[in-house]
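Structural features, examined
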Amino acid sequence: MPNIYVELGEKIRKYRKKKKLSTPELAKRLNISTGLVNNIENGRHDVFKLELLLKISKELNVSLGELLQSNYIDIRDLSIQEELKKILKDKNNKTNEKIDYINQKLNEIFILFLATMSKYDYNTKAIDYITNHILEELNFIKDLDVIENKVST
């Protein structure tokens, strides 16, 4: 199981205990089983619906950013790893440093994206609009030859 589930489960447990809620009490408030809460807190549950995560966040009175703040996204866990290694391979063999740096930046983007979605109350139209805008910008930047010239100088 990736660390994301373990770290998230530990945070949820910490905030549940901080609110002095038992596992069954939290489960009842979330309208889910005690077993599911146990699985989540122990990092054994790998399918999170955003709606459930939002309910947990609200019930424990903690922001999604706080729950998810960590290096949850690790591109080494993604199926693009081999392609990524080819892209990042260089003469100095600093691939791991580059991956760590990319992970750091990707997590910054992820946390800011969630904070922005929270501001718009996770409205699907807002999510679509903002996501499409980000993708358009990234595609535009990807196609700019100017950046490559500036970076290499």
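These lines cover the structure that appears in this document, whether it is placed above or below. (Residues numbered from 1 in each chain as written. Predicted model: local features only at pLDDT ≥ 70, side-chain atom pairs only at ≥ 80, totals over all residues. Heavy atoms only, no water.)

1. A few points about the overall build of the protein chain
Broken down by element type, the protein chain carries nine helices and zero strands. Counting from the amino terminus, the protein chain carries its helices and strands in the arrangement α-α-α-α-α-α-α-α-α. Counting across all 153 residues of the protein chain, residues that qualify as buried make up 27%. A fraction of 56% describes how many contacts in the protein chain between residues 6 or more apart in sequence connect residues 24 or more apart. (Helix = DSSP H or I, 4+ residues; strand = E, 2+ residues; numbered from the N terminus. Buried < 20%, exposed > 50% of the residue type's maximum accessible area, 1.4 Å probe, protein only. Contact = heavy atoms within 4.5 Å.)

2. Digging into the environment of Leu8
Mapped onto the fold, Leu8 is located in helix α1 (residues 3–18). The class for Leu8 is buried, based on a relative accessible area of 3%. A sequence separation of 34 residues divides Leu8 from Asn42, and the C-alpha atoms of the two residues are 9.0 Å apart.

3. Focus: the packing of helix α2 (residues 23–30) against helix α3 (residues 34–41)
Two elements in contact, α2 and α3, have axes whose closest approach is 8 Å; the angle formed by their N-to-C orientations is 110 degrees. Between α2 and α3, the crossing angle belongs to the class labelled roughly perpendicular. Contacts between α2 and α3 involve Thr23, Pro24, Leu26 and Ala27 from the first element and Thr34, Val37, Asn38 and Glu41 from the second. Class assignment for the residues of the contact of α2 with α3 results in four nonpolar, three polar and one charged. (Axes fitted to C-alpha atoms, helices over the stretch in contact; angles between N-to-C directions. Parallel < 35°, antiparallel > 145°, perpendicular 65-115°, else oblique. Nonpolar A, V, L, I, M, F, W, Y, C, P; charged D, E, K, R; others polar.)

4. Here's the deal with α3
Among the residues making up α3, those that are buried are Leu36, Val37, Ile40 and Glu41. One side of α3 carries all its buried residues, which in axial view fall inside an arc of 130 degrees. Gly43, located one to two residues past α3, shows a positive phi value of around 70 degrees. (Arc of directions from axis to C-beta.)

5. Let's talk about unusual backbone geometry
Residue Lys20 is not a glycine yet carries a positive backbone phi of 60 degrees. When you line up the elements, Lys20 lands in the loop between α1 and α2. Phi is positive for Asn31, which is not a glycine, with a value near 60 degrees. Within the fold, Asn31 resides in the loop between α2 and α3.

6. Let's talk about the environment of Lys55
Structurally, Lys55 can be placed in helix α4 (residues 50–59). Along the sequence, Lys55 and Leu30 sit 25 residues apart, while their C-alpha atoms lie 6.6 Å from each other.

7. A short note on the pattern of salt bridges
Following the criterion strictly, the structure yields four salt bridges and no others. Linking Glu59 and Arg29 is a salt bridge whose minimum nitrogen-to-oxygen distance equals 2.8 Å. Of this pair, Glu59 sits in helix α4 while Arg29 sits in helix α2, and the two are 30 residues apart along the sequence. Taking the relative accessible area as the measure of exposure, Arg29 reaches 47% and is therefore partly exposed. Salt bridges sharing common partners tie together Arg13, Arg16 and Glu41. (Salt bridge = Lys/Arg side-chain N within 4 Å of Asp/Glu carboxyl O.)

8. Focus: the side chain of Arg16
Of note, Arg16 is situated in helix α1. The class for Arg16 is buried, based on a relative accessible area of 6%. Excluding residues within four positions of it along the chain, Arg16 makes contact with Leu21, Ser22, Thr23, Leu26, Glu41 and Leu60.

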